[in-house]
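# Structure at a glance
Here is how the chains run, residue by residue.
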Amino acid sequence: MLFDDELLSQLAKQAIAAARAAGCLIDANRQTGIDVRRKETGTSAASQIVTEVDHKAQAAILEILKPTCSVHDLALLTEEAPDNGQRREKPAFWSIDPMDGTLAFIRNTPGFSVSIALVARDGTPLIGVVHDPLEQDLFHAVRGQGAFKNGQRIRVPGLDPEKPLLLRTDLSFQSDPLLEQTAAGLEEIASNLGLPGADIRFQVGAVMNACGILESPNTCYFKYPRTGNSGGSLWDYAATACLFDEVGAVASDIEGRPMELNRAGSTFMNHRGILYAGHRELADRIIEMHRRLADR
């Protein structure tokens, strides 16, 4: 199937409508009692927690997007349903996280969002849509057509020499054996870039961690490779990878290679790590830091 600009624009409008519908539902349930459950996938607390709101948000999304699957021969991959393998056979698939950052939602703190992407069978992100129900912000990108926040084209500003380098990463990194070496490495990178120091901020929500870089280019987000079922999944990164591609920023694995966004045999992305940075120079220095640490 040929995904021309007209078809991608049409599908993006439907993805935006689906993300908004899910976001409205999430926001409406933000102050109510939440039924928290655990699921069997993943090994981290964040990957195991699910609420009834996750399922309701997924239903709202599928009501809008499921009809496109039969019309355009698309597959579906969503966090709250088993992977049926069709993503490896169809021309493209919807990659859906009805609520990324469920821990933040439970605590009613920033970090949760709706994330929807259309990914080609070869792993190329074609559409990326992110909705932040807390701030009511809508990010979207279509391959070859640019990236936008609330309808305004996104242009990543240059590094601010008056602000420190900031790593935004999830809570699990607090117990990473490379935490201290990473903090020292970031200080060195900051010094080499002429920035006043570096800091690490631990917060929930892979999607919003990445989106924050688009407006705060001194910020980066990365995760080292891991073994086992942890480290985030396809639906955590596909939409933001499209956003970053369209603004010329870096969304890659920790070695600088393209993310494997249609990985065979698993939805987990822990095997090669991930890296988001607003500028290539910063990304290259993080990649070099990781290589030095991996060689020790």
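Residues numbered from 1 in each chain as written. Predicted model: local features only at pLDDT ≥ 70, side-chain atom pairs only at ≥ 80, totals over all residues. Heavy atoms only, no water.

### Things to note about the sheet that holds strand β12 (residues 219–223)
Here we have five strands laid out as an open sheet, ordered β11-β10-β12-β14-β13, and mixed in their pairing. Looking at strand neighbours, the two that pair on one side only are β11 (198–202) and β13 (250–252), the edges of this open sheet. The average angle at which neighbouring strand axes cross in this sheet is 15°, direction not considered. Sheet analysis places strand β10 (residues 165–169) next to β12, joined by two bridges and oriented parallel. Each bridged residue has a counterpart across the sheet, and for L166 the counterpart in β12 is T219. Sitting on the sheet, helix α5 (residues 179–192) touches β10, β11 and β12, and the angle it makes with β11 is about 135°. Contacts between helix α7 (residues 234–247) and the sheet are confined to β12, β13 and β14 (274–277), with β14 contributing the most and set at about 35° to the helix. (Pairing = 2+ DSSP bridges. Helix = DSSP H or I, 4+ residues; strand = E, 2+ residues; numbered from the N terminus. Axes fitted to C-alpha atoms, helices over the stretch in contact; angles between N-to-C directions. Contact = heavy atoms within 4.5 Å.)

### Notes on the packing of helix α1 (residues 5–28) against helix α3 (residues 52–72)
As a packed pair, α1 and α3 sit with axes 8 Å apart at the nearest point and diverge in direction by 165°. Viewed along their axes, α1 and α3 adopt a mutual orientation that is roughly antiparallel. Where α1 crosses over α3, the two elements pack in a sense that is right-handed. Each of L7, Q10, L11, Q14, A15, A17, A18, A21, A22, L25 and I26 in α1 lies in contact with α3, whose residues at this interface are V53, K56, A57, A60, I61, I64, L65, T68 and H72. Class assignment for the residues of the contact of α1 with α3 results in 15 nonpolar, four polar and one charged. (Parallel < 35°, antiparallel > 145°, perpendicular 65-115°, else oblique. Left-handed = near helix turned anticlockwise from the far one by under 90°. Nonpolar A, V, L, I, M, F, W, Y, C, P; charged D, E, K, R; others polar.)

### Let's talk about the nonpolar core
Ranked by size, the top nonpolar core spans 37 residues in total, and within it F3, W94, I116 and L118 carry the most contacts. Every element with two or more residues in this core is listed here: α1, α3, β4 (92–100), α4 (102–107), β5 (113–120), β6 (125–132) and β7 (137–142). Among the elements that line this core, the one with the most residues is α1, at 10 residues. In terms of nonpolar packing, the next biggest core, distinct from the first, is built from 36 residues, F139, L214, L243 and A251 among them. (Core = buried A, V, L, I, M, F, W, Y, C linked by side-chain atoms within 4.5 Å. Buried < 20%, exposed > 50% of the residue type's maximum accessible area, 1.4 Å probe, protein only.)

### Some details on the sheet that holds strand β8 (residues 146–149)
By definition, the strands of a sheet pair up through backbone hydrogen bonds, in either a parallel or an antiparallel sense. Overall, mixed pairing links the seven strands, which are arranged β3-β4-β5-β6-β7-β8-β9 in an open sheet. For this open sheet the edge positions go to β3 (75–78) and β9 (152–153), each flanked by a neighbour on one side alone. Of the strands in this sheet, β4, β5, β6 and β7 are in contact with α1, which crosses β6 at around 25°.

### Looking at the side chain of R168
Tracing the chain through its elements places R168 in strand β10. E215 is the oppositely charged side chain nearest to the buried, salt-bridge-free R168, at an N-O distance of 8.1 Å. Within the structure, the side chain of R168 is placed 3.0 Å from the backbone oxygen of M208, a separation counted as a polar contact. Ignoring sequence-local partners within four residues, the contact set of R168 consists of R201, Q203, M208, N209, G212, T219, C220 and Y221. (Lys, Arg positive; Asp, Glu negative; His and termini not counted. Salt bridge = Lys/Arg side-chain N within 4 Å of Asp/Glu carboxyl O. Polar contact = N/O pair within 3.5 Å; in protein donor to acceptor, adjacent residues only side chain to side chain.)

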